[in-house]
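Observations on chain architecture
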Amino acid sequence: MEEMKAECCEKLCIHEELLQGVYERMPQEEELYDLAELFKVFGDSTRIRILFVLFEAEVCVCDLAEALHMTQSAVSHQLRILKQAKLVKNRREGKSIFYSLADQHVRTIIAQGREHIEE
């Protein structure tokens, strides 16, 4: 397999005017860090599978575990990560905890990711 190598300029030439506009619009480091952390959450196929179940319905942890053929403990661990990232929310109903998507942004992020990989 041929190694993909990034092309580089043959001569060092800095375009100050261009870079000035880039610097002015570049988010702060903290925002860039937070964005990178958010995308790390999407880097786990189990969490993606959980989100796909939640696209269809609000479900309890028991149902998620059954649908994904996982233990409730394993599902709970992943849900905690998704909740910390504000991608899912939960509510209590009696002795059950039901989870749902936090908002429509989650669908949009996944849909755009799928569109990108299908190109």
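Okay, so let's go over this structure. Computed from a predicted structure; not experimentally measured.

**Regarding the overall build of the protein**
Each helix and strand in the protein was counted, giving six helices and three strands. For the protein, the sequential pattern of α-helices and β-strands runs α-α-α-β-α-α-β-β-α. In terms of C-alpha radius of gyration, the protein reaches 20 Å, well past the compact-globule figure of 14 Å for 119 residues. Considering only C-alpha atoms, the protein reaches an extent of 65 × 40 × 25 Å along its principal axes. Out of the 119 residues belonging to the protein, those deemed buried represent 23%. In the protein, 52% of the contacts between residues at least 6 apart in sequence involve partners at least 24 apart. Within the structure as shown, the protein displays about 9,800 Å² of accessible surface, and the carbon and sulfur contribution to it stands at 53%. A gap of 11 Å separates the mean positions of the 15 positive and 22 negative side-chain charges of the protein.

**A look at a nonpolar patch on the surface**
A cluster of nonpolar residues, L18, V22, Y23 and M26, forms a patch on the protein surface that exposes about 420 Å² of accessible area. Within the secondary structure layout, L18 lies in helix 1 (residues 16–25).

**A closer look at the packing of helix 3 (residues 45–56) against helix 6 (residues 104–118)**
Relative to each other, helix 3 and helix 6 sit at 120°, their axes nearing to 11 Å. With respect to each other, helix 3 and helix 6 are oriented oblique. Viewed along their axes, helix 3 and helix 6 form a crossing whose handedness is left-handed. Residues I48, L51, F52 and F55 of helix 3 lie in contact with helix 6, whose contacting residues are V106, R107, I110 and R114. Considered class by class, the residues forming the contact of helix 3 with helix 6 number six nonpolar, no polar and two charged.

Reading the values: rules and limits
- In this numbering scheme, every chain counts its residues from 1 along its sequence in written order.
- Given that the model is predicted, a residue must reach a pLDDT of at least 70 before its local features are reported, and side-chain atom pairs must reach 80 or more before they are shown or counted; all residues, however, enter totals for whole chains, interfaces and linings.
- Hydrogens and water molecules were not included; the side-chain quantities draw on all heavy atoms of the structure.
- Comment: elements are numbered from the N terminus, with helices defined as DSSP H or I runs of at least four residues and strands as E runs of at least two.
- Between the two quantities, the radius of gyration covers C-alpha atoms and the globule rule is 2.2 Å times the number of residues to the power 0.38.
- When a residue's accessible area, from a 1.4 Å probe over protein chains only, is under 20% of the maximum for its type it is buried; when over 50% it is exposed; and in between it is partly exposed.
- For this analysis, residues touch if any pair of their heavy atoms sits within 4.5 Å.
- Computed by Shrake-Rupley with a 1.4 Å probe, the accessible areas treat only the displayed protein chains as cover when residues are assessed.
- For the purpose of charge, His is not counted, nor are the chain termini; Lys and Arg are scored as positive and Asp and Glu as negative.
- Every charge is mapped to an atom, namely NZ of Lys, CZ of Arg, CG of Asp or CD of Glu.
- To count toward a patch, a residue needs a relative accessible area above 30% and no salt bridge. Like charges then connect within 9 Å, nonpolar side chains (Val, Leu, Ile, Met, Phe, Trp, Tyr) within 5 Å.
- The rule for a salt bridge is simple: a side-chain nitrogen of Lys or Arg has to be within 4 Å of a carboxyl oxygen of Asp or Glu.
- Only the stretch in contact is used when fitting a helix axis, every axis being a line fitted to C-alpha atoms; angles between N-to-C directions are given from 0 to 180 degrees.
- Should an angle lie under 35 degrees it is considered roughly parallel, over 145 roughly antiparallel, and from 65 to 115 roughly perpendicular; all remaining angles are considered oblique.
- Here a crossing is taken to be left-handed if its near helix is turned anticlockwise relative to the far helix by less than a right angle, and right-handed if that turn runs clockwise.
- Polar here means any residue outside two lists: the nonpolar Ala, Val, Leu, Ile, Met, Phe, Trp, Tyr, Cys and Pro, and the charged Asp, Glu, Lys and Arg; Gly therefore counts as polar.

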